[in-house]
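# Structure assessment
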Amino acid sequence: MVGDDADGIQIREGTAGVIGVQRLRDIWNGLGLATKQFLYLASVTLTLVLVLAWNNLNEAEKVFKGQVIRDAELLVARTNQYIDANLEHVENMLLLLSARGDLLSDGSEPKAIETLRNYADHGSSIVRTLYLVRSDGKVISNTQVFYEVIGNPHLKWLYSLGMDNYGSLNVSEPYDSPLSGHTVAYTMPVTDADNLVVGVAVVELNLEELTARIAPMIYQTFALVSDEGNLINRLSPGEKLLPTVRGTYPPDLEPEFLRQLMELRPGATVIEGREGPLMAVKSATNRLGWSLIAFIEEEYFYKDLQALRNNYQTATLSDFPVFSHIRRHYFLQGLRHSGRHHRQPLGGPLVQAFPGFLPIPLFRPAADQHRADQCLQTALGDVSAHHFRAAAQ
């Protein structure tokens with residue numbers, strides 16, 4: 001029974017569909033030629049307008065996206081230059097300290113502490129702690145009291161780092177310092193008047209200050225990555241865009257995501273974030289080998305595209321009635337005028353010249369075709385008889 005009911009429903013639906021199609025066909029056949037011509041031209045015009053509007057919209061979107069990406073790349077490049085400018089101050093400070101071997105001589109500790117404090121207070125705000133490490137292991141710092149109480153276990157390997165590449169500046173990977181927090185250190189050998197190495201100068205950066213300076217200049221969030229794949233800056237505790245390791249504070253990026261960042265080429269790339277696709281804009285490496293990567297939600301990045309689409313939609317809907325009016329006024333009116341012009345001789349002079357002639361309308365429904373043929377044959381017979389009588393006379 002259930003199968004029969006289902007079959008009956010399908011039959012009724014099929015019958016209703018056939019009836020609906022037949023009704024539409026009857027309605028279409030009952031329309032006049034002018035109405036059909038209007039519908040034909042309306043559909044063609046609408047299709048043409050939509051195709052042109054769609055093509056123009058795609059081209060406009062490409063141009064807009066290209067401009068937005070270029071602006072983002074320029075912003076990131078300038079921010080990277082700003083970072084380089086700040087780091088250049090630190091390098092200049094370190095170069096000056098590297099020539100002050102007199103500060104490491106015996107009895108000059110108070111002078112050395114005062115000099116380091118002046119450099120830290122007036123040199124650059126991103127400098128957190130300065131050290132002068134003598135070859136015998138003695139350490140002098142701008143925060144001497146805190147160093148003597150807390151100490152810094154990283155100075156031993158930082159001293160070795162400064163001595164590895166003699167005469168040049170060296171930069172460490174990020175680490176956590178007891179006095180400077182999460183930081184990066186610059187190291188350089190210190191020489192005396194005889195150009196003999198008497199120690200190493202170490203400068204620990206204030207990465208929190210550097211991050212605070214960069215944040216207002218960049219997009220929603222950013223990452224500063226070293227050439228060895230380590231994150232220089234700290235992420236905010238409420239990070240929502242980038243995938244982080246659960247249970248870490250401050251948040252750390254997932255190793256797989258960090259690996260993807262290292263493989264990115266400079267420029268704009270779409271990358272999958274925590275809650276959706278992100279537009280990652282990566283800068284070229286700076287003088288330290290660091291890369292600045294700015295992140296922004298792709299939807300927010302292209303938010304102005306919706307306004308562009310709305311403008312095109314409004315323009316398309318506004319132009320279609322104008323085209324329809326022009327088409328109806330100039331084309332269809334001319335068609336009707338032409339029809340009246342050609343029908344006039346059939347109903348006028350021919351009837352007067354041939355009284356038996358029956359005028360045939362130019363446009364007749366298909367249902368009257370047989371009757372029209374009969375009328376045409378009658379009219380032709382009358383015309384032939386008329387000529388025959390004229391010839392006989």
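This structure is a prediction, so every number in the text was calculated from the model and none was measured. (Residues numbered from 1 in each chain as written. Predicted model: local features only at pLDDT ≥ 70, side-chain atom pairs only at ≥ 80, totals over all residues. Heavy atoms only, no water.)

## Digging into the pairing of strand 10 (residues 277-282)
Judged by how many residues are buried, strand 10 sits mostly within the fold: five of six residues are covered. Of the strand pairs in this sheet, strand 9 (residues 267-272) and strand 10 are connected by six bridges, and their pairing is antiparallel. Note that in strand 10 the partner of Thr 269 across the bridge is Ala 280. Between strand 9 and strand 10, which pair antiparallel in sequence order, lie four residues; one of them, Gly 276, sits at a positive phi of approximately 155 degrees. The pairing of strand 10 with strand 11 (residues 291-297) spans five bridges and is antiparallel. Pairing of Ala 280 across the sheet is with Phe 295, part of strand 11. (Buried < 20%, exposed > 50% of the residue type's maximum accessible area, 1.4 Å probe, protein only. Helix = DSSP H or I, 4+ residues; strand = E, 2+ residues; numbered from the N terminus. Pairing = 2+ DSSP bridges.)

## A word on the side chain of Gln 144
Summarising the element assignment, Gln 144 is placed in helix 4 (residues 144-150). A distance of 2.7 Å separates the side chain of Gln 144 from the backbone nitrogen of Ser 141, its partner in a polar contact. Discounting residues that sit within four places of it in the chain, Gln 144 has contacts with Glu 109, Ile 113 and Val 139. (Polar contact = N/O pair within 3.5 Å; in protein donor to acceptor, adjacent residues only side chain to side chain. Contact = heavy atoms within 4.5 Å.)

## Digging into helix 3 (residues 109-122)
Since there are 3.6 residues in each turn of an α-helix, residues three or four apart along the chain are aligned in direction. Taking 1.5 Å as the rise per residue, helix 3 with 14 residues should run 20 Å; its terminal C-alpha atoms sit 20 Å apart, in good agreement. Taken together, the buried positions of helix 3 are occupied by Ala 112, Ile 113, Thr 115, Leu 116, Tyr 119 and Ala 120. Looking down the long axis of helix 3, one finds its buried residues gathered within 165 degrees of arc, a one-sided arrangement. Opposite the buried face of helix 3, at more than 90 degrees from it, the exposed residues are Pro 110, Asp 121 and His 122. (Expected span 1.5 Å × (residues − 1). Arc of directions from axis to C-beta.)

## Considerations on the packing of aromatic side chains
For any pair of aromatic rings, geometry is given as the distance between the ring centres together with the angle between the planes. Following the criterion strictly, the structure yields three aromatic pairs and no others. Ring centres of Trp 157 and Tyr 175 lie 5.5 Å apart, and the angle between their planes is 75 degrees; on these two criteria the pair is classed as edge-to-face. Placement of the pair is Trp 157 in helix 5 (residues 155-164) and Tyr 175 in strand 4 (residues 175-177), with a sequence separation of 18 residues. Using a relative accessible area of 37% as the deciding quantity, one classes Trp 157 as partly exposed. Centre to centre, the rings of Phe 257 and Phe 295 are 6.0 Å apart; their planes meet at 40 degrees, and the pair counts as tilted. Of this pair, Phe 257 sits in helix 7 (residues 255-263) while Phe 295 is found in strand 11, placing the two residues 38 residues apart along the sequence. The exposure classification of Phe 257 matches that of Phe 295, with both residues buried. (Phe/Tyr/Trp six-rings, centres within 6.5 Å; stacked < 30°, edge-to-face > 60°.)

## Topic: the sheet that holds strand 10
Across the sheet, four strands lie side by side as 8-11-10-9; this open sheet has antiparallel pairing. With partners counted over all chains shown, the strands left at the sheet margins are strand 8 (221-225) and strand 9, one partner each. Along the sheet, successive strands turn relative to each other by an average axial angle of 25 degrees, direction set aside. Where helix 7 meets the sheet, its contacts fall on strand 8, strand 9, strand 10 and strand 11, and the angle it forms with strand 9 comes to roughly 160 degrees. (Axes fitted to C-alpha atoms, helices over the stretch in contact; angles between N-to-C directions.)

## Remarks on the nonpolar core
Soluble globular proteins tend to bury their nonpolar side chains together. Core analysis: the biggest nonpolar cluster contains 41 residues, and Leu 87, Leu 130, Leu 132, Tyr 186 and Val 203 have the highest contact counts within it. With eight residues, the top contributor of residues to this core is helix 2 (residues 33-98). The contacts of Val 203, once residues within four sequence positions are left out, are Val 90, Leu 94, Val 127, Thr 129, Leu 130, Val 184, Ala 185 and Tyr 186. (Core = buried A, V, L, I, M, F, W, Y, C linked by side-chain atoms within 4.5 Å.)

## Let's talk about helix 6 (residues 207-214)
Along helix 6, the residues that are buried comprise Leu 207, Leu 210, Thr 211 and Ile 214. End-on view of helix 6: buried residues confined to an arc of 100 degrees, all on one side of the axis.

## Details of the pairing of strand 8
Burial runs high along strand 8: five of the five residues are buried. Inspection of the sheet shows strand 8 paired to strand 11 by five bridges, in the antiparallel sense. Bridge pairing links Leu 224 to Leu 292 in strand 11.

## Focus: the sheet that holds strand 3 (residues 170-171)
Ordered in space as 2-1-7-6-3, the five strands form an open sheet in which the pairing is antiparallel. Here the strands that pair on one side only, and so sit at the sheet edges, are strand 2 (139-141) and strand 3. Both strand 3 and strand 6 (residues 185-191) contribute to a ladder of two bridges, which runs antiparallel. Directly across from Asn 170, in strand 6, lies its bridge partner Thr 187.

## A look at the pattern of salt bridges
Here the structure, examined in full by the defined rule, presents twelve salt bridges. Between Glu 88 and Arg 287 there is a salt bridge, with the nearest N and O atoms lying 3.9 Å from each other. Of the two residues, Glu 88 sits in helix 2 while Arg 287 sits in the loop between strand 10 and strand 11, which places them 199 residues apart along the sequence. Across the pair Arg 234 and Asp 176 runs a salt bridge whose closest N-O atoms are separated by 3.1 Å. Remark: Asp 176 occurs in strand 4 and Arg 234 occurs in the loop between strand 8 and helix 7; sequence separation between them is 58 residues. Arg 234 gets classed as partly exposed once you look at its relative accessible area, which sits at 31%. Overlapping salt bridges bring together Glu 88, Glu 91 and Arg 287 as one network. (Salt bridge = Lys/Arg side-chain N within 4 Å of Asp/Glu carboxyl O.)

## Section: the environment of Thr 285
Within the element layout of this structure, Thr 285 appears in the loop between strand 10 and strand 11. Leaving out residues up to four positions away in the same chain, Thr 285 has contacts with Asn 80, Trp 290 and Ser 291.

## A look at the confidence of the model for the protein chain
For the protein chain, the average pLDDT comes to 75, and 68% of its residues sit at 70 or higher. Within the protein chain, the lowest mean pLDDT, 45, falls on helix 10 (residues 349-353), and the highest, 93, falls on strand 2. Every residue in residues 341-368 is under pLDDT 50, and counting partners more than four places away or in other chains gives 28 contacts. (pLDDT = per-residue confidence, 0-100.)

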